[in-house]
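Analysis of the macromolecular model
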Amino acid sequence: MISPSIALSLPRPRRGVAEFLLVGGLTPLLFVFSWLLRGALGLDDAELAVGFTFFYGAHLLNDPHFAVSYLLFYEDVRARVFGDVFSRGQRMRYLGAGFLVPAVLLAWAGQALVTGSAFSFGLLIQLMFLLVGWHYVKQGFGVLLVLGARRGVRFTARERTAVLAHALFGWLYAWANPYDPGRSLEEKGVPYATFAHPRWLEPLALTLLLLSVPPLLWALRDKRRLTTPLTGFLCSVWAWSIFSALDPLVRYAIPALHSLQYLYFVWLLKGAEAREREQEPWFETAAPARLLRLALGALVLGWLLFHGLPDWLDGGRPGPLGPTPWFAALYAFVNIHHYFMDSVLWRRENPRTRYLQSTARELP
């Protein structure tokens, strides 16, 4: 926790409606906007306009949201690995996510690139799609607990388990639905074949999801001031995962909505840290300058990872894996590695998550 004397001196960012919109509240508004836009332009023109907007909007939201996790994760790496910043268990997680996982992914993607193996590439891409839903719902779970705690609302261990079970069963059903008999697809220019799902998987996942609803309602039975946290959670599980294909236009916005939710928590964490560090005894760079430097770093690194580096490596030369195998490899690598880094960054065992613990009980 921030000490009371420091906490009282730190200016608090304005929240309320803005926080509600940033963590998921924009989602229902986008469904209304999509309906109006399709009525005005027709589906084809509306889809072209929305797809174009969010394709280029990725430079400002999606790509930096991946890149900033690297800037956060590898900050003070020597102290985190060799010092006493982390407990032994957290240090093992950090070493696994920060060094073992990327080594395995590099070897995997490298083997696929060198041998031109569409099968190896397909496995990597399917792992990415399997984990993306897990990442979405786990982030929503974190939104509910962290923003709930900032409002003075706590969950018992059993209540946390009930909420997490609903999130994970939502992820399982989203992945199992619709039934996949095995298809030939293409991702970032690389063709691959999916594995067939067993026919019993979809009804089983739906049954588990429905059975998780009563425990979820029980966990929320006496909670108040959870409008914003619960919206973020339900959007992550239902709108962005289970019913992600419900609206053809909102589907384009889902990665941006998820990224916006993520970047809001980065701003909360790094903003509180920056405001603390400009106080005594540190008297470091002013908080706005530190946050601007972080934002610019994320923008540059995001462009490098998803545009500059893959464009240079692919060089427009088509091969057995299509015209953009390096782009596909880096895209899958960064996505999967991002999921593992986040599983360490946002754990309670990370001392820096204390910056998320200030309360704001007056918020919805």
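Here goes a summary of the coordinates provided. The structure presented is a predicted model; accordingly, all values stated were derived computationally and were not measured. (Residues numbered from 1 in each chain as written. Predicted model: local features only at pLDDT ≥ 70, side-chain atom pairs only at ≥ 80, totals over all residues. Heavy atoms only, no water.)

1. Quick notes on empty space enclosed by the protein
- Here the structure, examined in full by the defined rule, presents 1 cavity of 30 Å³ or more.
- Of the pockets and cavities examined, the largest cavity occupies roughly 80 Å³.
- Around the largest cavity sit Leu-72, Glu-75, Arg-80, Leu-269, Lys-270, Leu-345, Trp-346, Asn-350 and Arg-352, which together line it.
- Each residue belonging to the lining of the largest cavity can be placed in one class, and the counts come to 4 nonpolar, 1 polar and 4 charged. (1 Å grid on protein atoms, 1.4 Å probe; cavity = no way out; pocket = protein on both sides within 12 Å on 5 of 7 lines; lining within 4 Å. Points joined across faces, edges and corners; volume = space filled by probe spheres on them. Nonpolar A, V, L, I, M, F, W, Y, C, P; charged D, E, K, R; others polar.)

2. Observations regarding the environment of Ser-184
- Among the secondary structure elements, Ser-184 is positioned in strand β1 (residues 184–187).
- When the C-alpha atoms of Ser-184 and Ser-244 are compared, they prove to be 21 Å apart, with 60 residues separating the residues in sequence.
- Aside from chain neighbours lying at most four places away, what touches Ser-184 is Tyr-192 and Ala-193. (Helix = DSSP H or I, 4+ residues; strand = E, 2+ residues; numbered from the N terminus. Contact = heavy atoms within 4.5 Å.)

3. Some details on the packing of helix α3 (residues 43–57) against helix α12 (residues 250–277)
- Here α3 crosses α12 at 15°, and the two axes come no closer than 9 Å. What the angle tells us is that α3 and α12 run roughly parallel. Considering how the two elements wind past one another, α3 and α12 form a crossing that is left-handed. Between α3 and α12, the residues in contact are Glu-47, Val-50, Gly-51 and Phe-54 and Arg-251, Tyr-252, Ala-253 and Ala-256, respectively.
- Along the lines of polarity and charge, the residues of the contact of α3 with α12 split into 5 nonpolar, 1 polar and 2 charged. (Axes fitted to C-alpha atoms, helices over the stretch in contact; angles between N-to-C directions. Parallel < 35°, antiparallel > 145°, perpendicular 65-115°, else oblique. Left-handed = near helix turned anticlockwise from the far one by under 90°.)

4. Here's the deal with the packing of aromatic side chains
- Scanning the model with the defined rule gives 14 aromatic pairs in all.
- Seen from their ring centres, Phe-73 and Tyr-74 are 5.0 Å apart, and the 70° between their planes marks the pair as edge-to-face.
- For Phe-73, a relative accessible area of 0% gives the class buried.
- With relative accessibility at 26%, the residue Tyr-74 sits in the partly exposed group.
- By way of ring pairs, the aromatic residues Tyr-70, Phe-73, Tyr-74, Phe-86, Tyr-94 and Phe-99 are connected into one cluster.
- Sitting over the face of the ring of Tyr-331, Lys-188 holds its NZ or CZ atom 4.0 Å from the ring centroid.
- Sitting above the plane of the Phe-155 ring, Lys-223 keeps its charged end 5.0 Å from the centroid. (Phe/Tyr/Trp six-rings, centres within 6.5 Å; stacked < 30°, edge-to-face > 60°. Buried < 20%, exposed > 50% of the residue type's maximum accessible area, 1.4 Å probe, protein only. Lys NZ or Arg CZ within 6 Å of the ring centre and 35° of its normal.)

5. Points about the pattern of salt bridges
- Per the counting criterion, the structure on display carries 16 salt bridges.
- Among the ionic pairs, Arg-183 bridges to Asp-180, the shortest N-O distance being 3.3 Å.
- On the accessibility criterion, Arg-183 (43% relative accessible area) is partly exposed.
- Note on Asp-180: relative accessible area 6%, which makes it buried.
- Among the ionic contacts, a cluster of salt bridges with common partners joins Glu-75, Asp-76, Lys-270, Glu-273 and Arg-352. (Salt bridge = Lys/Arg side-chain N within 4 Å of Asp/Glu carboxyl O.)

6. Let's talk about the nonpolar core
- Of all hydrophobic cores here, the largest spans 37 residues; its most connected members are Val-68, Phe-73, Phe-121 and Val-334.
- Of all the secondary structure elements, the ones that give two or more residues to this core are α4 (62–73), α6 (88–115), α7 (118–150), β2 (190–193), α12, α13 (287–314) and α14 (325–345).
- Of the residues forming this core, the biggest block, 10 residues, is contributed by α14.
- Once residues within four sequence positions are removed from consideration, Val-68 is found in contact with Tyr-262, Leu-263, Val-266, Leu-294 and Ala-298.
- Counting residues in each nonpolar core, the second largest holds 21 residues, with Phe-155, Val-163, Ala-167 and Ala-219 among its members. (Core = buried A, V, L, I, M, F, W, Y, C linked by side-chain atoms within 4.5 Å.)

7. Things to note about the layout of surface pockets
- Looking at the second largest pocket, its volume works out to about 1,100 Å³.
- Along its surface, the second largest pocket is lined by 31 residues, and Gly-142, Val-146, Trp-346, Arg-347 and Arg-348 are the ones closest to its centre.
- For the lining of the second largest pocket, the element with the most residues is α7, which contributes 11 residues.
- A per-class count over the lining of the second largest pocket returns 16 nonpolar, 7 polar and 8 charged.

8. Observations concerning α4
- The terminal C-alpha atoms of α4 lie 17 Å apart, and with 12 residues this matches the ideal 16 Å at 1.5 Å per residue to within 8%.
- Counting buried residues in α4 gives 11 out of 12 residues, a clear majority hidden from the surface.
- Looking only at α4, the buried set comprises Asn-62, Asp-63, Pro-64, His-65, Phe-66, Ala-67, Val-68, Ser-69, Tyr-70, Leu-72 and Phe-73. (Expected span 1.5 Å × (residues − 1).)

9. Re the side chain of Arg-151
- Tracing the sequence through the fold places Arg-151 in the loop between α7 and α8 (157–176).
- Overall, Arg-151 belongs to the buried group, its relative accessible area being 1%.
- In terms of polar contacts, Arg-151 uses its side chain to reach the backbone carbonyl oxygen of Leu-147, at 3.1 Å. (Polar contact = N/O pair within 3.5 Å; in protein donor to acceptor, adjacent residues only side chain to side chain.)

10. A look at α6
- Compared with an ideal rise of 1.5 Å per residue, which puts 28 residues at 40 Å, α6 spans 39 Å between its outermost C-alpha atoms and is within 8% of the ideal.
- At Gly-96, α6 is bent by approximately 35°, the largest bend along its length.
- Those residues of α6 lying buried are Gln-90, Arg-91, Tyr-94, Gly-96, Ala-97, Gly-98, Val-101, Pro-102, Leu-105, Ala-109 and Ala-112.
- Tucked inside the fold, the buried residues of α6 contact α4, α5 (77–82), α7 and α14.
- Of the residues one or two after α6, Gly-116 is the one with positive phi, at around 65°. (Bend = angle between axes of the 7 residues up to and from the residue.)

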